[in-house]
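Structural description and commentary
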Amino acid sequence: MPINVLLLENVHPVATEALEAEGFKIHNEKAALTEEQLDKLLPKYQVLGIRSKTHLSKGLLSRHPHLQAIGAFCIGTNQIHLAEANKQGIPVFNAPYSNTRSVAELVIAEMIALSRQLGDVNSAAHKGEWLKSAKGSKEVRGKTLGIVGYGHIGSQVSVLAESLGLRVVFYDVIKKLPLGNARPMDTLSALLKESDFVTLHVPETPKTKNMIGASQLKAMRKGAFLINASRGTVVDIAALVASLKAGHVAGTAVDVFPDEPQSNDDKFESELQGVKNVILTPHIGGSTEEAQEAIGREVSTSLILTMKTGMTLGAVNFPQVAVPVKEGGSRIINVHKNVPGVLSEVNGIMAKHKANIKAQYLSTDAHIGYLVMDIENAKPEKVLAQVEALPTSIKTRLV
Ligand code: NAI
């Protein structure tokens, strides 16, 4: 029996190709579906793939506990009730780092654009004004870039910036391996003092809220530039506007905002509009065709591996298990309530059927346990039925 997969919201075709190559049967829908539409369709599918516009509520997931896996072909997973998916034994996979390079490239482009005031001269030229001048226009070579948050994106920016001849310093709350010649800074203020460009790559946390406010902007070098492609809450926008108007910060590129329009039909408003040497972009840091394709590849690979081997590595709501490809024998997968004694019950069933356990992989979280077990010398269907019948079992299948 082929595994039936429902893909919504125009998931990149590379996902369909990859899943079909593994023998899965795919049905694609262009748009997001409503809960009512999903209620009708889902009984036919074992795997569901969505992007950010399809909402999978607690109620919906509880009505479709037969689902084996969900692919979020995007970065965020707020649209999915992850706790309910966990309770129903459904792992959810996303692709958090597929757009890392895209964001890093945008940041590099923005450093040069700010340094040459490209935003302003471009709009002037469109209006018929010819602003040819070298004043205040600089190369980025030899300047210092300060990276706040040296994670996936920050470290990628570091490598690209050094190849352009910038000196790189960085600040992170965790000790990180400096790439190339990058130098770690002990404090944020030390970084701000040394940098000609400051770029932010921290997550949204209570600690990073307004991390760059009036006093941090004051601590930056006069004439330095600020780039924010992380989260809108990280910068105090009013303080930034004040610093720009006072001529302290020389320019800024902002991709993320405290209040972002919900769709392209909504109006965008920001205090930064109309301020000199300010580049505003509509949260497009990670929005490239390559990133979409990488997301399609990464999530479909996770879905294939979880369905074919039981692997749950990278699932956002599930105990993580990395398992090798099955070689001979049978593999039983069992999601169960995380209560004492499950493993001995399962092993008791194996003993009763004289099954030889070749390998067992178990991982648990606060609510569920996830067991992958390779067995030999037993009728797998019989063993499966007994494991499935255990009162602790949530979901059991054979791969
Ligand atoms: P990551 O988790 O790989 O790196 C974040 C780094 O920030 C970590 O090294 C962490 O230790 C550090 N950090 C956390 N709190 C800090 C603090 N208070 N001070 C200094 N460092 C701190 O994350 P990744 O993938 O590099 O993403 C970074 C940001 O970029 C996230 O906010 C993410 O939402 C955003 N992003 C924006 C996109 C866009 O379209 N503009 C696309 C993708 C991500």
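Let us look at the structure shown here. Residue positions within a chain follow its written sequence, with the count starting from 1. The predicted nature of this model means local features are confined to residues of pLDDT at least 70 and side-chain atom pairs, given and counted, to a pLDDT of 80 or more, with totals for whole chains, interfaces and linings taken over all residues. Here the side-chain values reflect all heavy atoms present in the structure, with hydrogen atoms and water set aside.

**Digging into the sheet that holds strand β14 (residues 356-364)**
Within a sheet, adjacent strands bond to each other through the backbone by hydrogen bonds, running parallel or antiparallel. The pairing criterion is simple: DSSP has to find at least two bridges between the two strands. Comment: elements are numbered from the N terminus, with helices defined as DSSP H or I runs of at least four residues and strands as E runs of at least two. The four strands lie next to each other as β14-β15-β13-β16, forming an open sheet whose pairing is antiparallel. Each edge of the open sheet carries a strand with a single partner, namely β14 and β16 (393-398). Here the strands of the sheet are splayed against their neighbours by 15° on average, with no regard to which way each runs. Of the strand pairs in this sheet, strand β13 (residues 330-337) and β16 are connected by five bridges, and their pairing is antiparallel. Looking at β16, one finds that His336 is bridged to Ser393. Two residues form a contact once any of their heavy atoms are found within 4.5 Å. The axes used here are C-alpha line fits, helices contributing only the stretch in contact, and every angle between their N-to-C directions lies in the interval 0 to 180 degrees. Along the sheet, helix α13 (residues 380-389) contacts β13, β15 (368-376) and β16; its crossing angle with β16, the most-contacted strand, is approximately 170°.

**Thoughts on the nonpolar core**
Residues Val148, Leu226, Leu240 and Leu272 are the most contacted members of the largest nonpolar core, which totals 29 residues. Sorting the residues of this core by element identifies β7 (167-171), α8 (188-194), β9 (197-200) and α10 (237-245) as the ones contributing at least two each. Residue contacts for Leu226: discarding those within four places in its chain leaves Leu114, Val198, Leu200, Ile212, Leu217, Met220, Val235, Leu240, Val249, Gly251, Thr252 and Ala253. Counting residues in hydrophobic clusters, the runner-up holds 28 residues, among them Leu7, Val11, Ala69 and Ala315. By nonpolar core is meant a set of buried Ala, Val, Leu, Ile, Met, Phe, Trp, Tyr and Cys residues that side-chain atoms within 4.5 Å join together. Residue exposure (1.4 Å probe, protein chains only): buried if accessible area is under 20% of the type maximum, exposed if over 50%, otherwise partly exposed.

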